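Now for the letters of each chain:
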Amino acid sequence: MITAILMLIAGIGVFLIACIMLSNNLESICSSKLKSLFAKASDKKLVGVGIGTVTTAAIQSSGATSVLVIGFVNAGIMSLTLATAIIYGANIGTTVTAQIVSLGMFGGNTVSLTIIFSALAGIGAFIYSYAKNDRTRKIGGIVAGFGMLFVGLDLMSNSMSEFAQSDVVINFLSNIDNLILLIIIGFLLTALVQSSSVVTSIAIVMLVQGLISLEQGIYITMGSNIGSCVVAVLAALSSGLNAKRVAAIHLSFNIFGVLIFVVVGFIISMLTGGDCTFGTIFASMFPNAPQTQLAMFHTIFNIITVLIMLPLTSQLIKFVTKILPDKKVEEVVDEREPHMYFINEYMLKTPAIAVMEVKNEMVNMSRLAIENFSYACDVICTMNNNDYKEFRAKEKELNYLKKNIPRYIVKLSNTELNRKDSIYVSTVYRTVTDLERIGDYSKNIVGYAEKMKVSSDEFSNYAKEEVREIQRLIESLYEHVRKAYVDQDYDALEKAYDIEDMVDDATERMANNHISRINEGICSASAGAEFLSLTSDAERIADHFINMGKTIKELRR
């Protein structure tokens, strides 16, 4: 019995690692195409279901698809309607693993498909070890992961066959006939291993070995469907309101589906005196193939749930929106404490989407930096610092991001990234520093205004007009840098270079003009010192924005 327990633990471990290997490598290879597919998707619900199904079948993880959707919703580039439809499709796509496991358990007295597929683990490992380029290595990882699924399956199957010879185990499992308890067991096991595919596969193996009935396996599988939402819920906790709504939609959809089938199953059983259940229906549909019976129930259950819920999508969204309503103005103000706007720890499970969200975080950080610079120019020209509290909050946020984004990048760098994403991530360290320095220079400019206010100084109208000119140039520079950074637009980067040259010329001209004004008595010497410092700060701010834009050149390598 001890040997069987250890073998079961080993089998679950190998199967789980295989799922992770398969998912990570598939996601890494498909990530750019999937992100493009998601970004270009329309709001047509059937298209969304198709995208969700294909994506989940491709990367072998409904959790990864859910986190991907949450990332797009959080970035504001996907509607709740499309996100909901993709979640529907993800539930269908995740049933592919159970079908593969079911197929692998055929073979009888001949060499089973499980053994044949298991051999792929060695082939994939050989490809992975000797591949010379990153893509081939990842293909090797996919092949090895697929093979390891069946190595784990075989270990679990062998351990279950020993359990099947124990009367104690059989009697214990046969006494678990409470449907709600079976659903809870499926939910808890899935929440624990964070993979409904693993739990469904274990249920299939237990069914084939005679440890549980088909009816028990069906309700455990239903529970695992609800448990599969845990990854999405955790990923949404530190995300925006709409991202939380996506997770709530995913959870509500799966709960509604289970409730529908539990009620229908109860009615069928009651009307037939217990002679007809889901178990007997699927046993008659696929005789002498228990693995197919449970795998097909898993697929049909999810398809029917989608067909029922698809016309009710608007009502589901309204229901979730009532549970998670838009925040009041006072609550929004309270959120000014420093925090990450787009990234969180749970997105590390899907590195491709984590990279995309890091870019969104960087663009948002650049927005904070340019807003503080613009405010600083307004303050020194008007000597009105009434909104300093908001300026200080943004400065505090910039410092927070400077400290915490690199920590996140260290963790992200240790995940499976494709070459392009890996290069991009390496540039973020410098960009974070550049943007934080812009915040510091803006703070300096506000400080100059405070000093001038104390000494009752202010710039002449000529000086103010020059400050406004440099402000307009740097704001224009920022817009071109932002476009270059987001879209990898090299034409925009060239325009940004031209504007940087204009900034250099303007700051030099400002310094010379101001010295002349001081000599002519138009401007005071004390205000002149602050003006010259401002011109130097403005030039450096332009340099830091250009540094941000220049990072796209490294992606060409």
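Everything that follows concerns the structure shown earlier in this document.
Residues numbered from 1 in each chain as written. Predicted model: local features only at pLDDT ≥ 70, side-chain atom pairs only at ≥ 80, totals over all residues. Heavy atoms only, no water.

S.K.: Mind showing me how you'd approach the overall build of the protein chain here?
M.R.: What the protein chain contains, in helices and strands, is 23 helices and zero strands. Projected onto its principal axes, the C-alpha positions of the protein chain cover 105 × 55 × 40 Å. Relative to its 557 residues, the protein chain shows a buried fraction of 52%. At a minimum sequence separation of 6, the contacts of the protein chain that also span at least 24 residues come to 81%. Counting every atom, the protein chain has about 24,500 Å² of accessible surface; 61% of that belongs to carbon and sulfur. In the protein chain, which carries 47 positive and 53 negative side-chain charges, the distance between the mean positions of the two groups comes to 2 Å. (Helix = DSSP H or I, 4+ residues; strand = E, 2+ residues; numbered from the N terminus. Buried < 20%, exposed > 50% of the residue type's maximum accessible area, 1.4 Å probe, protein only. Contact = heavy atoms within 4.5 Å. Areas by Shrake-Rupley, 256 points an atom, 1.4 Å probe, with all protein chains shown as cover. Lys, Arg positive; Asp, Glu negative; His and termini not counted. Charge placed at Lys NZ, Arg CZ, Asp CG, Glu CD.)

S.K.: Help me out: how do you make sense of helix α10 (residues 196-208) in this one?
M.R.: Helical geometry note: an α-helix holds 3.6 residues per turn, so side chains three or four residues apart project in the same direction. The terminal C-alpha atoms of α10 lie 18 Å apart, and with 13 residues this matches the ideal 18 Å at 1.5 Å per residue to within 8%. Burial of α10 is extensive: 12 of the 13 residues sit out of reach of the surface. Of all the residues in α10, the buried ones are S196, S197, V198, V199, T200, S201, I202, A203, I204, V205, M206 and L207. One or two steps after α10, the chain reaches G210, where phi turns positive at roughly 80 degrees. (Expected span 1.5 Å × (residues − 1).)

S.K.: I'm lost on helix α20 (residues 419-454) in this one. Help?
M.R.: Helix length check: α20 (36 residues) gives 54 Å between terminal C-alpha atoms against 52 Å at 1.5 Å per residue, within 8%. At Y429, α20 shows its strongest bend, of approximately 30 degrees. (Bend = angle between axes of the 7 residues up to and from the residue.)

S.K.: In this structure, what is going on with a nonpolar patch on the surface? I would like to understand it.
M.R.: Judged by side-chain polarity, V263, F266, I267, M270 and L271 come together as a nonpolar surface patch covering roughly 550 Å² of accessible area. In this fold, I267 is placed in helix α13 (residues 241-271). Taking the relative accessible area as the measure of exposure, I267 reaches 38% and is therefore partly exposed. (Patch = residues over 30% accessible without salt bridge, like charges linked within 9 Å, V, L, I, M, F, W, Y side chains within 5 Å. Salt bridge = Lys/Arg side-chain N within 4 Å of Asp/Glu carboxyl O.)

S.K.: When you look at the packing of helix α5 (residues 96-104) against helix α7 (residues 134-163) in this model, what are you seeing that I'm missing?
M.R.: A pair of packed helices is characterised by two quantities: the angle between their axes and the separation of those axes. Put simply, α5 and α7 touch, their axes get as near as 11 Å, and they point 60 degrees apart. The handedness of the crossing between α5 and α7 is right-handed. In contact with I100, V101 and G104 of α5, α7 contributes F146, F150 and L153. Here the contact of α5 with α7 is composed, by residue class, of five nonpolar, one polar and no charged. (Axes fitted to C-alpha atoms, helices over the stretch in contact; angles between N-to-C directions. Left-handed = near helix turned anticlockwise from the far one by under 90°. Nonpolar A, V, L, I, M, F, W, Y, C, P; charged D, E, K, R; others polar.)

S.K.: I tried to follow the nonpolar core on my own but got confused; where do I start?
M.R.: Of all hydrophobic cores here, the largest spans 106 residues; its most connected members are M362, I380, L412 and F545. In terms of residue count, helix α18 (residues 351-382) provides more of this core than any other element does, 18 residues in total. Core analysis: the next-biggest nonpolar cluster, separate from the first, contains 47 residues, A4, I183, A203 and L214 among them. (Core = buried A, V, L, I, M, F, W, Y, C linked by side-chain atoms within 4.5 Å.)

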